[in-house]
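Structure assessment
Below, each chain spelled out in residue letters.
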Amino acid sequence: GIKFTAGNVGFGDSIYTLVEFDFPQGAKRLMTDNGISEYFEFKFNNAYYKVLVKEILYFESEKRSIIINMVDGTKYRFYGKMNNVECILCKSQKIDFLRIHHSILVNSRWIKIKRFSEVELIDGTILQISEKKRSQINQQYIKHVVETM
(Lines give C-alpha, C1' and ligand atoms only; values in the text may rest on other atoms or scores of the structure.)
Protein backbone atom coordinates (compact mmCIF):
# COMPACT_ATOMS: atom_id res chain seq x y z
CA GLY A 1 0.00 0.00 0.00
CA ILE A 2 0.88 3.66 0.26
CA LYS A 3 2.48 5.09 3.39
CA PHE A 4 2.03 8.68 4.50
CA THR A 5 4.31 10.27 7.08
CA ALA A 6 3.60 12.73 9.88
CA GLY A 7 4.63 16.36 9.96
CA ASN A 8 3.42 19.95 9.89
CA VAL A 9 3.00 21.82 6.64
CA GLY A 10 2.54 25.56 6.40
CA PHE A 11 0.37 27.04 3.68
CA GLY A 12 -0.44 30.74 3.85
CA ASP A 13 -1.43 31.54 7.44
CA SER A 14 -2.48 27.95 8.21
CA ILE A 15 -0.54 24.98 9.51
CA TYR A 16 -1.82 21.51 8.66
CA THR A 17 -0.84 18.36 10.53
CA LEU A 18 -0.19 15.30 8.43
CA VAL A 19 -0.77 12.00 10.19
CA GLU A 20 1.09 8.79 9.41
CA PHE A 21 -0.94 5.78 8.31
CA ASP A 22 -0.71 2.81 6.01
CA PHE A 23 -3.30 2.60 3.26
CA PRO A 24 -3.38 -1.08 2.23
CA GLN A 25 -4.77 -2.31 -1.08
CA GLY A 26 -8.57 -1.98 -1.24
CA ALA A 27 -8.86 -0.27 2.15
CA LYS A 28 -12.02 1.60 3.00
CA ARG A 29 -12.02 4.14 5.80
CA LEU A 30 -13.66 7.23 7.17
CA MET A 31 -11.52 10.34 7.49
CA THR A 32 -12.34 13.52 9.40
CA ASP A 33 -11.07 16.82 8.06
CA ASN A 34 -10.66 19.06 11.15
CA GLY A 35 -13.87 17.56 12.58
CA ILE A 36 -15.95 19.41 9.99
CA SER A 37 -16.38 17.05 7.07
CA GLU A 38 -16.10 13.31 6.94
CA TYR A 39 -14.93 11.47 3.88
CA PHE A 40 -15.33 7.87 2.85
CA GLU A 41 -12.22 6.63 1.10
CA PHE A 42 -11.91 3.62 -1.17
CA LYS A 43 -9.82 2.20 -3.98
CA PHE A 44 -10.95 0.93 -7.38
CA ASN A 45 -8.89 0.10 -10.49
CA ASN A 46 -5.65 1.38 -8.93
CA ALA A 47 -7.17 4.79 -8.17
CA TYR A 48 -7.98 6.18 -4.73
CA TYR A 49 -11.23 8.07 -4.18
CA LYS A 50 -12.49 10.31 -1.37
CA VAL A 51 -16.18 11.30 -1.20
CA LEU A 52 -18.05 13.39 1.35
CA VAL A 53 -20.15 11.09 3.54
CA LYS A 54 -22.95 13.65 3.81
CA GLU A 55 -23.29 13.62 -0.01
CA ILE A 56 -23.83 9.83 -0.18
CA LEU A 57 -27.46 8.86 -0.87
CA TYR A 58 -26.97 5.13 -0.31
CA PHE A 59 -24.67 2.16 -0.74
CA GLU A 60 -25.82 -0.96 -2.54
CA SER A 61 -24.04 -4.27 -2.91
CA GLU A 62 -24.00 -6.19 -6.15
CA LYS A 63 -22.15 -9.52 -6.07
CA ARG A 64 -18.70 -8.62 -4.67
CA SER A 65 -18.96 -4.89 -5.45
CA ILE A 66 -20.30 -1.95 -3.50
CA ILE A 67 -21.92 0.87 -5.47
CA ILE A 68 -21.98 4.33 -3.90
CA ASN A 69 -24.90 6.44 -5.14
CA MET A 70 -24.23 10.13 -4.62
CA VAL A 71 -26.71 13.03 -4.27
CA ASP A 72 -25.51 14.55 -7.56
CA GLY A 73 -26.22 11.29 -9.45
CA THR A 74 -22.60 10.13 -9.60
CA LYS A 75 -22.00 6.43 -8.96
CA TYR A 76 -18.77 4.91 -7.68
CA ARG A 77 -17.89 1.23 -7.43
CA PHE A 78 -15.34 -0.68 -5.40
CA TYR A 79 -14.81 -4.25 -4.25
CA GLY A 80 -15.95 -4.88 -0.71
CA LYS A 81 -18.55 -6.17 1.70
CA MET A 82 -21.53 -4.23 3.01
CA ASN A 83 -20.82 -5.37 6.59
CA ASN A 84 -17.40 -3.70 6.42
CA VAL A 85 -18.88 -0.47 5.03
CA GLU A 86 -21.51 -0.47 7.78
CA CYS A 87 -18.85 -0.98 10.47
CA ILE A 88 -16.79 1.92 9.16
CA LEU A 89 -19.83 4.21 9.05
CA CYS A 90 -21.21 3.15 12.43
CA LYS A 91 -18.06 4.54 14.07
CA SER A 92 -19.25 7.98 13.00
CA GLN A 93 -21.98 9.52 15.13
CA LYS A 94 -22.53 12.47 12.80
CA ILE A 95 -24.57 10.81 10.04
CA ASP A 96 -27.01 7.95 10.48
CA PHE A 97 -27.02 5.21 7.87
CA LEU A 98 -29.84 2.66 7.99
CA ARG A 99 -29.32 -0.92 6.80
CA ILE A 100 -32.77 -1.37 5.25
CA HIS A 101 -31.84 -4.55 3.37
CA HIS A 102 -28.84 -6.90 3.42
CA SER A 103 -27.65 -5.18 0.24
CA ILE A 104 -28.71 -1.55 0.92
CA LEU A 105 -27.37 1.03 3.39
CA VAL A 106 -29.21 4.39 3.23
CA ASN A 107 -28.11 7.82 4.44
CA SER A 108 -31.10 8.81 6.62
CA ARG A 109 -30.61 12.53 5.95
CA TRP A 110 -31.80 11.99 2.34
CA ILE A 111 -34.99 10.04 3.17
CA LYS A 112 -37.95 12.10 1.96
CA ILE A 113 -40.72 9.62 2.87
CA LYS A 114 -40.44 6.58 5.14
CA ARG A 115 -43.23 4.06 4.64
CA PHE A 116 -43.71 0.70 6.35
CA SER A 117 -42.08 -1.33 3.56
CA GLU A 118 -40.04 1.25 1.65
CA VAL A 119 -38.21 4.56 1.75
CA GLU A 120 -38.33 7.26 -0.88
CA LEU A 121 -35.20 9.35 -1.20
CA ILE A 122 -34.99 13.04 -2.04
CA ASP A 123 -34.19 12.20 -5.70
CA GLY A 124 -37.30 10.00 -6.08
CA THR A 125 -35.50 6.66 -5.71
CA ILE A 126 -37.68 4.10 -3.92
CA LEU A 127 -35.89 1.37 -1.97
CA GLN A 128 -37.57 -1.64 -0.36
CA ILE A 129 -37.10 -2.39 3.35
CA SER A 130 -36.68 -6.11 3.94
CA GLU A 131 -39.47 -7.76 5.96
CA LYS A 132 -37.24 -8.81 8.83
CA LYS A 133 -35.77 -5.29 9.21
CA ARG A 134 -39.01 -3.26 9.10
CA SER A 135 -39.66 -2.86 12.85
CA GLN A 136 -35.97 -2.21 13.59
CA ILE A 137 -35.74 0.39 10.80
CA ASN A 138 -38.94 2.05 12.02
CA GLN A 139 -37.45 2.44 15.52
CA GLN A 140 -34.11 3.69 14.18
CA TYR A 141 -35.79 6.19 11.86
CA ILE A 142 -38.03 7.56 14.62
CA LYS A 143 -34.95 7.96 16.83
CA HIS A 144 -33.15 9.77 13.98
CA VAL A 145 -36.09 12.15 13.41
CA VAL A 146 -36.38 12.96 17.13
CA GLU A 147 -32.62 13.60 17.44
CA THR A 148 -32.51 15.91 14.43
CA MET A 149 -35.46 18.07 15.55
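Heads up: these notes are all about the structure in this document. The written sequence of each chain sets the order in which its residues are numbered from 1. Local features in this predicted model are restricted to residues whose pLDDT is 70 or higher, and side-chain atom pairs enter the listing and the counts only when it is 80 or higher, whereas totals over whole chains, interfaces and linings include all residues. The side-chain values count all of the structure's non-hydrogen atoms but skip hydrogen atoms and water molecules.

Our focus in this paragraph is unusual backbone geometry. With a phi close to 60°, asparagine 46 is a non-glycine residue in the positive phi region. The way it works is that DSSP assigns letters per residue, a run of H or I at least four long becomes a helix, a run of E at least two long becomes a strand, and they are numbered from the N terminus. Position of asparagine 46 among the secondary structure elements: in the loop between β6 (37-44) and β7 (47-52). Unusually for a residue other than glycine, lysine 63 sits at a positive phi of about 60°. Here lysine 63 lies in the loop between β8 (56-62) and β9 (65-70). A simple rule labels every residue: compare its accessible area, found with a 1.4 Å probe on the protein chains alone, to the largest value its type can have, and call it buried under 20%, exposed over 50%, or partly exposed in between. Judged by relative accessible area, lysine 63 falls into the exposed class, the value being 84%.

Note on aromatic pairs: each is described by the distance of the centres and the angle between the planes. In this analysis, rings of Phe, Tyr and Trp, with Trp reduced to its six-membered ring, are considered paired at centre separations within 6.5 Å, and the interplanar angle assigns stacked below 30 degrees, edge-to-face beyond 60, and tilted for intermediate values. Scanning all chains against the criterion turns up nine aromatic pairs. Taking 5.3 Å as the distance between ring centres and 70° as the angle between the ring planes, the aromatic pair formed by phenylalanine 40 and phenylalanine 59 counts as edge-to-face. You can see phenylalanine 40 sitting in strand β6 and its partner phenylalanine 59 sitting in strand β8, a full 19 residues away along the chain. The same class applies to phenylalanine 40 and to phenylalanine 59, which are both buried. Between the aromatic rings of phenylalanine 42 and tyrosine 76, the centroid separation amounts to 5.8 Å while the plane-to-plane angle is 65°, which identifies the pairing as edge-to-face. Note that phenylalanine 42 is positioned in strand β6 and tyrosine 76 in strand β10 (residues 75-79), a separation of 34 residues in sequence. The exposure class assigned to phenylalanine 42 is buried, which follows from its relative accessible area of 1%. We classify tyrosine 76 as partly exposed; its relative accessible area is 24%. Linked through ring pairs, Phe40, Phe42, Tyr49, Phe59, Tyr76, Phe78 and Phe97 together constitute an aromatic cluster.

Further remarks concern a nonpolar patch on the surface. Taken together, Ile142, Val145, Val146 and Met149 make up a surface patch of nonpolar side chains, about 420 Å² in accessible area. Within the fold, isoleucine 142 resides in helix α2 (residues 134-147). Taking the relative accessible area as the measure of exposure, isoleucine 142 reaches 47% and is therefore partly exposed. Within this analysis, patches are made of residues with over 30% relative accessible area and no salt bridge. Like charges are joined at 9 Å or less; nonpolar side chains (Val, Leu, Ile, Met, Phe, Trp, Tyr) at 5 Å or less. Residue-level accessible areas treat just the shown protein chains as cover; the underlying method is Shrake-Rupley with a 1.4 Å probe. Any Lys or Arg side-chain nitrogen located within 4 Å of an Asp or Glu carboxyl oxygen qualifies as a salt bridge.

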